[in-house]
Amino acid sequence: MIKFFLMVNKQGQTRLSRYYEHVEIKKRTMLEAEVIKNCLSRSKDQCSFIEYKDFKLVYRQYAALFVVVGIDHTENEMAVYELIHNFVEVLDKYFSRVVS
Amino acid sequence: MPAPIRLRELIRTIRTARTQAEEREMIQKECAAIRSSFREEDNTYRCRNVAKLLYMHMLGYPAHFGQLECLKLIASQKFTDKRIGYLGAMLLLDERQDVHLLMTNCIKNDLNHSTQYVQGLALCTLGCMGSSEMCRDLAGEVEKLLKTSNSYLRKKAALCAVHVIRKVPELMEMFLPATKNLLNEKNHGVLHTSVVLLTEMCERSPDMLAHFRKLVPQLVRILKNLIMSGYSPEHDVSGISDPFLQVRILRLLRILGRNDDDSSEAMNDILAQVATNTETSKNVGNAILYETVLTIMDIKSESGLRVLAINILGRFLLNNDKNIRYVALTSLLKTVQTDHNAVQRHRSTIVDCLKDLDVSIKRRAMELSFALVNGNNVRGMMKELLYFLDSCEPEFKADCASGIFLASEKYAPSKRWHIDTIMRVLTMAGSYVRDDAVPSLIQLITNSVEMHTYTVQRLYKAILGDYSQQPLVQVASWCIGEYGDLLVSGQCEEEPPIQVTEDEVLDILESILISNMSASVTRGYTLTAIMKLSTRFTCNVNRVRKIVSVYSSSIDVELQQRAVEYNTLFKKYDHMRPALLERMPVMEKVTINGLTEIVQSNGETESAVLETKSPPSGLQPLSQANDLLDLLGGTDITPVIPTAPTSKPDSTGGELLDLLGDLNLTCSPVSAPVPQIAQPPFLLDGLPSQPLFSDIAAGIPSITAYNKNGLKIDFTFERSNTNPSVTVITIQASNSTELDMTDFVFQAAVPKTFQLQLLSPSSGVIPAFNSGTITQVIKVLNPQKQQLRMRIKLTYNHKGSAIQDLAEVSNFPPQSWQ
């Protein structure tokens, strides 16, 4: 199950966030900061799945924007990875010339 | 009032803010403007304001005052208003807010709206945040929409149904008829959501699962079409047709095929086909293959298929892409239990992954390697794992060390190899070894009797250079203490012996004691080791005495206690010293209640007691408690105990009890009071409550306290050695009449100067004809040694009537209270 969907830029500013489970508003900012910290510290040749607390993060970087999806263990990580790309392509098609 | 700014402007303004404080200021200003605009009940700009509010909420600022506004927007007739209103409802409202129920009516109306987009909005919102009450009310509408011909609505309705089922599982049956035709769709969107709905229903209810098994052929057909069909532009992702749907169907097949032979049979072909036909050059193909592998592993597939799956995983491992390697390692870990041999084939690749740069991959590879170690490959694997231990990140070292210990214990080819491996781990990652590993290592070393010299020599060499790693130093100092004589004897078959003098050994132990790096526990080990060497070494006893006496004034209470005890050993009990400090017997490992405790085969040396890890608690086996009890009343040490309470500095008595118990009692120099029965309590925990004390005299005569109407009560006495003011009386009640006496209750009262404790009786029925008795224990405390007197009250049922009697007992023998 997907827990949340985030688009965060390199400076840590949230561009888009959607939570599918209730999370307190204060905890959200903390969560986003931690998540982006984890993703930023990864190098290019490390895998895109991070184990964070009791769920997994699947992230993908597009220029200066990180798209991060939090999933639990029942999801196929690679399918989610494809989903992220699909989402970005859709945005691109719909809004034409997407920039962060 | 000027028109409020548009959302885009707001976003642009907020982005120009350079600091957090600036951003907060702008947002607060805008919030104030929005609030005043809400108060004015301005209809035209409401949706714009709410949109801005939602953006600010997303950034993390509170926006609850917009909830009612969202409701107003939903109620409006304009589509743009409704759209923002529903979005706001999804983000801001949930079950916890009371206002959400007000939406129910709006949603109901919108579900029946003429425009499909409005209906779609309503379905989305219900599916996102509907509470159980709302779901119950609106489930009927959703079900109706599930049957419409409009595919846009059908797919949304299917997802909404998933949410309804999650919230209110009882409504599942309601959706059953609608699912009949779901899989006959052409539209992939509807197909996808239908599969999700079916998955949810199957996961929730085993009956549904059985019911839907008949759909397996249909699912197989759909999957086949997807693979076989040519290029279709709407569903194509990097050359594969609708991979998301394929993955979903595979997952549903997994759930349906689990534990069911027929369905698994039906799926075998298609799974093989997917596995072989999917293109693996792109990530998409690999995602599908991964799901296929998971499915094959979970259902009752034939062995050929399983081997195919593991080979796919093996191929994944060789791939350059990290994601794929990670995924492969995770799945191999899941399958290694069931298909051990197949996974063994890929062992070398897995071991290579240990050297990968990525942390997640390394962790997975490490876990998998431990799972793969067996008798045949243990030497090779250990070499790799030791190399890994050396070079890995600190967060892995503890786990790796524990894993190596476990594996080497199970599969060690020879004792020497085992000890070598342990030594290497201790020297490499000594400070990360878990504390509980130290006692198990020590036990292991004592077990390999012939290796003692070799072990102690190597340990000595290891700490010569560096004694900062605590577990290593603990094990080493313990061994040196035990086998110091072997060390200085200079004989060792396994490797060239080193010439060590007693002074050198004592030097190194002393420096460990003094060093700042040593933990308190390590110092305790070392002090005990030095003490033991006093019997093993011949020339340096005085030096040992000196060291020990220095530490008797140490600030560390533990060290001080040990030092004082050892000092006393030297001074007063020197004749006992060799016996106490003798070589430890081989320890057996006993597992009790899942905890591993080290049981002494003969409960002798004091050092054994000091090092036993956990203080004897109620979990102790009876045998050990009895051993310790033997110590208390046993042969070697008897001369000590009786003198303790009477003569000498109280410290002696207290300490010796400390020695023989565990060091629960701290602060020895403080006078321990005459040891009460309660102290040490743990000795008694493991034993049933019986009188523990031996009679001093040959036996105190028992008396008949009461004899009337066929009921006879006898008193037998016991006095304790250690506590002369306690008398334990055991009463025995017998019945010589022809009928039983039931509900027998014995009560007793004593004069004020005494204290009485009545324990529970053995039963409440005295059988007739003296065929059985009731036993009860009374403890009387008589500090002033006055004559014992007692008044007793008896109540029982006999021959159908309740009888009560009072009596006074004054014929206590003088030995019972003097």
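This is a predicted model, so every value here is computed, not measured.

Notes on the pattern of salt bridges
Residue and element names in this part refer to chain B. Counted according to the given criterion, the structure contains 38 salt bridges over all chains. A salt bridge links R562 to E558; the shortest N-O distance between them is 2.9 Å. In this pair, R562 and E558 both sit in helix 30 (residues 557-571), four residues apart, roughly one turn of the helix. Through salt bridges with shared partners, a single network forms among R251, R254, R258, E291 and D298.

With respect to the interface of chain A and chain B
Taken together, the contacts link 30 residues of chain A with 35 residues of chain B. Surface buried jointly by chain A and chain B totals about 2,800 Å² across both partners, of which 52% is contributed by carbon and sulfur atoms. If you look at where chain A meets chain B, you find two salt bridges. Taken together, the links from chain A to chain B amount to seven residue pairs in polar contact (both at pLDDT 80 or more). Contributions of two or more residues to the side of chain A that touches chain B are made by strand 2 (14-19), helix 1 (25-40), strand 3 (49-52) and helix 2 (77-95) of chain A. Element by element, the count of residues in the side of chain A that touches chain B is highest for helix 2 of chain A, at seven residues.

Re the packing of helix 5 (residues 79-92) of chain B against helix 6 (residues 103-111) of chain B
When two helices pack together, their arrangement is given by the angle between the helix axes and the distance between those axes. Residues and elements named next belong to chain B. At a minimum axis separation of 13 Å, helix 5 and helix 6 run at an interaxial angle of 130°. Looking at the two axes, helix 5 sits oblique to helix 6. In this structure, helix 5 meets helix 6 at a crossing whose hand is left-handed. Facing helix 5, whose interface residues are K82, Y86 and A89, helix 6 presents M103, C106, I107 and D110.

Quick word on the nonpolar core
Within soluble globular proteins, side chains that are nonpolar generally end up buried alongside one another. One finds B:M103, B:I249, B:I404, B:I480, B:V505 and B:L509 to be the most contacted residues of the largest nonpolar core, which totals 195 residues. Counting residues in hydrophobic clusters, the runner-up holds 28 residues, among them B:L711, B:A733, B:F754 and B:V809.

What about the confidence of the model for chain A?
Mean pLDDT for chain A: 83, with 96% of residues reaching 70 or above. Within chain A, the lowest mean pLDDT, 82, falls on strand 3 of chain A, and the highest, 89, falls on strand 5 (residues 65-71) of chain A.

Some thoughts on unusual backbone geometry
At A:A63, a position not held by glycine, the phi torsion is positive, near 55°. Looking at the element boundaries, A:A63 is found in the loop between strand 4 (55-62) and strand 5. In this model, B:N709 sits at a positive phi of 55°, which is unusual for a non-glycine residue.

What counts, and at which threshold
- Residues numbered from 1 in each chain as written.
- Chains lettered and ligands numbered in written order.
- Predicted model: local features only at pLDDT ≥ 70, side-chain atom pairs only at ≥ 80, totals over all residues.
- Heavy atoms only, no water.
- Salt bridge = Lys/Arg side-chain N within 4 Å of Asp/Glu carboxyl O.
- Helix = DSSP H or I, 4+ residues; strand = E, 2+ residues; numbered from the N terminus.
- Contact = heavy atoms within 4.5 Å.
- Buried area = accessible area lost by both parts, 1.4 Å probe.
- Polar contact = N/O pair within 3.5 Å; in protein donor to acceptor, adjacent residues only side chain to side chain.
- Axes fitted to C-alpha atoms, helices over the stretch in contact; angles between N-to-C directions.
- Parallel < 35°, antiparallel > 145°, perpendicular 65-115°, else oblique.
- Left-handed = near helix turned anticlockwise from the far one by under 90°.
- Core = buried A, V, L, I, M, F, W, Y, C linked by side-chain atoms within 4.5 Å.
- Buried < 20%, exposed > 50% of the residue type's maximum accessible area, 1.4 Å probe, protein only.
- pLDDT = per-residue confidence, 0-100.

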